[in-house]
Amino acid sequence: MSYEILYGEVRKALKEVIPSEDEFYLEKPLLEEHGDVATTIAFKLAKKIKKNPLEIANEIYSKLIQIKEKYPLIKEIKVINGYINFYVNEKLFTKLVIEEILSKRKEYGKINLGNGKKVLIEHTNTNPNKAIHIGHSRNTCLGDSLSRILKFVNYNVYTLNYIDDTGSQMADIILGFTKLGFPLESQIRFDKYCGDHIYVKVNELYETNKELLVEKQKIIKEIDSQSTEIAEFTRNIARKVLYYQLQTCLRLGAYFDLINWESDIVRFNLLKRTLQILDEKRIITKETEEENKGCIVIKSKLIKGHEKETDQVIIRSDGSSTYLAKDIAYAFWKLGIIKDEFKYKFNKEYPIPCYETDIEGNEDIKFGGADLAISVIDVRQTRLQDVIKSIISLVGGEEMAKRYIHYKYELVALSNKAAKELGYHTESKIVHMSGRKGIYFNTDDVLDKLKEKIKQIVKKNNPEKDEKWVEEISEKVAVSALRYALLKLDNDKVLVFDFDETLRLEGDSGVYVLYSYVRTKGILRKVREFKIGNYEEYIPNDMEVKIIKKLAWFTEAVKIAAQNLQPQIIIIYIRDLCDLFNSYYEKYPVINSEEPARSFRIILVECVSQVLENAMNLVGMTPVEYL
RNA sequence: GCCCUGGUAGCUCAGCUGGAUAGAGCGACGGCCUCCUAAGCCGUAGGUCAUGGGUUCAAAUCCCAUCCAGGGCGCCA
């Protein structure tokens, strides 16, 4: 907020001097010597009135200097290279920042961007036939962090996990149970059992036994009908796998408000309603000849940007619906194009207790009809998501389509070395994961391995603590380290996973962040008995001022992260703050310094600690007191 | 073939949407524990921002072309 106040003052001062302008192009200079706020207004005006920018800057400057006294946060103004640079009154600024952090505490950084608007965030969406692997977890971490950030800026957020219990991957394991004699019980955790053993094995068998593919088609049809014994059986298997997937999500610190069963889109007639609307709007066509004979399709000419591609089949010639058809219905439900026909039941049995769609549900709650629908789905589905957006636009107009966001991110792949560990040998630098071929790392396994590594160090650092204590700390650190690693990369970059490279314990890592936080806590633990003197008497040194400014910047980081839907902004912020704090920590003693420096420094450390905690929360990292 | 995305230090990546002298981590080299946790800190070396053109006061950032890498173009999801 402090930056808001400073920016506000600068804007007001500029407006007073240049009443004709409304936009002042404020920015934060990269170099300290260029002050705290800069404006490029002189360049903009130069273009407009065809005058030398330097001359204009000087004119503005001479006017500004006369009214400067009215703006207490502005200490100094300079013109450098045509920029007008403002320097903050550091003493006053410091006071404002500290007071704000200490009064707001956990609330510090909260701003109102959302006005309580309803947002649905769909994430994770792992097929219920396997355990969650690190690729899925990138999705979970992004979606969960987004939901935390948007909540923080006053959106009314609901998180959804869309479970495809009707698709072909589901049929693969059902085939395993019903035709290939895999027992229903196993010593292995059920999600891993289905994914690591049955799914991989069944896909292997398809290679040699084509009959099985025929059986699979039968099963798909039975599942789709939703009325047979197989359909019932499938639902139970899916629910059991989901149970363990949710355990993994819980371990990662993610939560859900609602499980959307894809089969319920059909069962609750959402698909039927959707098809009616598409038919009324003449968006779908029943093909009577050529290759899509008997199918209901969307003509490609209707799809913006994909006019030259093939038509989209949404109902197959056998009458079954494609994934796309259900996804359109799902999107319509999210945006309120169709009424919320679902029934919901609260399921407290899940590791993450939450609602789920259920034919016998009777809870008095409605999730559909949101102001904004964000779907966290990897880049491979870009085209399908484009199709959905085009259709929304045709049905509800451009404005409505803007409320549907495909939040895309690149895949997690494996390094050549990592693939080799799984017994997959190749020349290529990166290897894409594949559930079918068994080329993947399950998130729980990765976390367990990471935890073991961390445990050794925690034990060494805290020899007096017992096993349980070490275990708890190590678990939190492992999860935070994984979240950090999965979040720090930009969404449009492929994350090449390699255990040792990706999950480093030093440098730009989650462990480094926690270590920095632990240092703040170490100091604060020791000063509990000290009485805090009047810290305002102290004049902060350069490094302290830098930290204060960084602390103040948190609100801006939150704003940018929320507006651009970029949790990475928070990660970068956290790292920057840790870097500053660690340098400071090495250079200046806190407890052993003289008053009033000591009081000030204790307060400063308190603030760093608090802001780090708030920031970590936004990306789902768990602060620990010891390491 | 068509469409989309990426290419910044040896490696992995930032660079706040057009601004001032392009920054971190890892790796390499040299230092720092009598002192709040050395999973840390300080210093050195390392760059034709893939290439070529363009737009303008100003380009890593925008436009065009080319090259390289990845993805998408199913009655799969």
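Residues numbered from 1 in each chain as written. Chains lettered and ligands numbered in written order. Predicted model: local features only at pLDDT ≥ 70, side-chain atom pairs only at ≥ 80, totals over all residues. Heavy atoms only, no water.

Participant: Is there a simple way to explain the overall build of chain A in this structure?
Facilitator: A tally of regular secondary structure across chain A gives 22 helices and 17 strands. Principal-axis analysis of the C-alpha atoms gives chain A an extent of 85 × 70 × 55 Å. Looking at chain A as a whole, 55% of its 627 residues are labelled buried. When contacts within chain A are restricted to residue pairs at least 6 apart in sequence, those whose partners lie at least 24 apart make up 72%. Taken as a whole, chain A presents about 28300 Å² of accessible surface, with 50% of it coming from carbon and sulfur. Taking the average place of the 95 positive charges on the side chains of chain A and the average place of its 95 negative ones, the gap between the two points comes to 2 Å. (Helix = DSSP H or I, 4+ residues; strand = E, 2+ residues; numbered from the N terminus. Buried < 20%, exposed > 50% of the residue type's maximum accessible area, 1.4 Å probe, protein only. Contact = heavy atoms within 4.5 Å. Areas by Shrake-Rupley, 256 points an atom, 1.4 Å probe, with all protein chains shown as cover. Lys, Arg positive; Asp, Glu negative; His and termini not counted. Charge placed at Lys NZ, Arg CZ, Asp CG, Glu CD.)

Participant: Can you help me understand the domain arrangement of chain A in this one?
Facilitator: Accessible area lost on assembly of the parts is the figure often given for the size of an interface. Domain annotation for chain A reports domain 1 (2–88), domain 2 (95–102 + 108–113 + 506–618), domain 3 (118–271 + 321–412) and domain 4 (416–502). Once you take the C-alpha centre of each, domain 3 and domain 4 turn out to be 25 Å apart. With 31 residues of domain 3 in contact, the opposing surface of domain 4 contributes 29 residues. Summing both partners gives a buried area of about 2700 Å² for domain 3 against domain 4, and 52% of it is carried by carbon and sulfur. It is Ile134, Arg138 and Arg251 that lose the most area in domain 3 upon contact with domain 4, and together they represent 30% of the buried surface on that side. Inspection of the domain 3/domain 4 interface yields six salt bridges. As a salt-bridge pair, Asp444 and Arg189 come within 3.2 Å of each other at their nearest N and O atoms. There are 21 residue pairs in polar contact (both at pLDDT 80 or more) connecting domain 3 and domain 4. Broken down by secondary-structure element, the contributors of at least two residues to the side of domain 3 that touches domain 4 are helix H5 (134–152), helix H7 (190–208), helix H9 (229–251) and strand E14 (404–409). (Domains from an automatic or database assignment. Buried area = accessible area lost by both parts, 1.4 Å probe. Salt bridge = Lys/Arg side-chain N within 4 Å of Asp/Glu carboxyl O. Polar contact = N/O pair within 3.5 Å; in protein donor to acceptor, adjacent residues only side chain to side chain.)

Participant: I'm lost on a nonpolar patch on the surface in this one. Help?
Facilitator: Together, Ile430, Val494 and Val496 make up a nonpolar patch on the protein surface, roughly 190 Å² of accessible area in all. With respect to the helices and strands, Val496 occurs in strand E17 (residues 495–497). Residue classification places Val496 among the partly exposed positions, given a relative accessible area of 36%. (Patch = residues over 30% accessible without salt bridge, like charges linked within 9 Å, V, L, I, M, F, W, Y side chains within 5 Å.)

Participant: Even after reading the chapter, I still don't get the layout of surface pockets, so can you show me in this structure?
Facilitator: To find leftover empty space, one rolls a probe the size of a water molecule over the atoms. What the largest pocket holds in volume is close to 1200 Å³. Lining the largest pocket are 43 residues, and of these Asn127, Lys130, Gln169, Arg380 and Gln381 lie nearest its centre. Of all the secondary-structure elements, those providing two or more residues to the lining of the largest pocket are H5, helix H6 (168–178), helix H8 (211–225), helix H12 (323–335) and strand E13 (372–378). Of the residues forming the lining of the largest pocket, the biggest block, four residues, is contributed by H8. A breakdown of the residues in the lining of the largest pocket according to their chemical character gives 11 nonpolar, 20 polar and 12 charged. Taken domain by domain, the lining of the largest pocket gets at least three of its residues from each of domain 3 (118–271 + 321–412) and domain 4 (416–502). Of the pockets and cavities examined, the second largest pocket occupies roughly 600 Å³. Contributing to the lining of the second largest pocket are 21 residues, with Glu32, Gly35, Asp36, Lys546 and Lys549 lying nearest its centre. Secondary-structure elements contributing two or more residues to the lining of the second largest pocket are strand E3 (74–80), strand E4 (83–88) and helix H20 (542–563). Of all the elements, H20 adds the most residues to the lining of the second largest pocket, at five residues. By residue class, the composition of the lining of the second largest pocket is eight nonpolar, one polar and 12 charged. Among the domains, domain 1 (2–88) and domain 2 (95–102 + 108–113 + 506–618) are the pair contributing at least three residues each to the lining of the second largest pocket. (1 Å grid on protein atoms, 1.4 Å probe; cavity = no way out; pocket = protein on both sides within 12 Å on 5 of 7 lines; lining within 4 Å. Points joined across faces, edges and corners; volume = space filled by probe spheres on them. Nonpolar A, V, L, I, M, F, W, Y, C, P; charged D, E, K, R; others polar.)

Participant: Got a minute to help me understand the sheet that holds E4 in this structure?
Facilitator: Each strand in a sheet pairs with its neighbour through backbone hydrogen bonds, running either in the same direction (parallel) or in the opposite one (antiparallel). In spatial order, the strands read E1-E2-E4-E3; together these four strands make up an open sheet with antiparallel pairing. Looking at the sheet topology across the chains shown, the edges are occupied by strand E1 (26–27) and E3. Two elements, strand E2 (residues 37–39) and E4, share three bridges in a ladder whose sense is antiparallel. Following the sheet pairing, Val37 is matched in E4 by Phe86. (Pairing = 2+ DSSP bridges.)

Participant: I keep staring at the protein's contact with RNA strand B and nothing clicks. Help me out?
Facilitator: Around RNA strand B, the surrounding shell holds 67 residues, and the nearest of these are Tyr83, Asp164, Arg316, Asp490 and Tyr515. For RNA strand B, the backbone makes up 64% of the atoms found within 4 Å of the protein, where backbone means sugar plus phosphate. Between Glu33 and RNA strand B, the recorded distance is 3.0 Å, taken from a side-chain N or O atom to a base oxygen. Tyr588 has a polar backbone atom sitting 2.6 Å from a base nitrogen of RNA strand B. Mapped onto the surface near RNA strand B, the elements with two or more residues apiece are helix H2 (41–49), E4, helix H13 (382–396), helix H16 (443–461), helix H19 (510–526), H20 and helix H21 (567–587). In terms of residue count, H19 provides more of the surface near RNA strand B than any other element does, eight residues in total. Here the residues of the surface near RNA strand B sort into 31 nonpolar, 16 polar and 20 charged. (Near = heavy atom within 4 Å.)

Participant: Can you walk me through empty space enclosed by the protein in this structure?
Facilitator: One pass over the full model with this rule turns up one cavity of 30 Å³ or more. Together, Ala481, Tyr484, Ala485, Lys488, Thr502, Leu503, Arg504, Asp508, Ser509 and Gly510 line the largest cavity. For the lining of the largest cavity, the leading source of residues is helix H17 (residues 467–487), giving three residues. Across the lining of the largest cavity, the residue classes break down as four nonpolar, three polar and three charged. In this structure, the lining of the largest cavity is formed jointly by two domains, domain 2 (95–102 + 108–113 + 506–618) and domain 4 (416–502), each of which donates at least three residues.

Participant: It is not clear to me how the pattern of salt bridges should be interpreted in this structure. Could you clarify?
Facilitator: Opposite charge on two side chains allows them to pair when their charged atoms are near. Throughout the structure, instances matching the rule amount to 59 salt bridges. Salt-bridge contacts for Asp500 lead to Lys417; the nearest nitrogen and oxygen are separated by 3.7 Å. Highlighted residues: Asp500 in helix H18 (residues 499–502) and Lys417 in helix H15 (residues 416–421), separated in sequence by 83 residues. Taking relative accessible area as the criterion, Asp500 reaches 40% and is therefore assigned partly exposed. One network of salt bridges, in which partners are shared, links Arg189, Asp191, Arg251, Asp444, Asp448, Lys451, Glu452, Lys455, Lys459, Glu467, Glu471 and Glu475.

Participant: Hey, could you run me through the environment of Gly305 in this one?
Facilitator: Within the secondary structure, Gly305 is located in the loop between strand E9 (296–298) and strand E10 (312–315). Along the backbone, Gly305 and Asp386 are 81 residues apart, and their C-alpha atoms lie at a distance of 8.4 Å.

Participant: Please explain unusual backbone geometry as it appears in this structure.
Facilitator: Negative phi is the rule for most residues except glycine; trans is the rule for most peptide bonds. Looking along the chain, the bond that leaves Glu595 and enters Pro596 is cis, with omega of 5°. Structurally, Pro596 is set in the loop between H21 and helix H22 (597–618). Although it is not a glycine, Arg105 sits at a positive phi angle of roughly 50°. Along the chain, Arg105 falls in the loop between helix H4 (90–104) and strand E5 (118–122). Look at Arg105 and you get partly exposed, because its relative accessible area is 33%. Positive phi, close to 45°, is recorded for Asn125, a residue that is not glycine. Topologically, Asn125 is positioned in the loop between E5 and H5.

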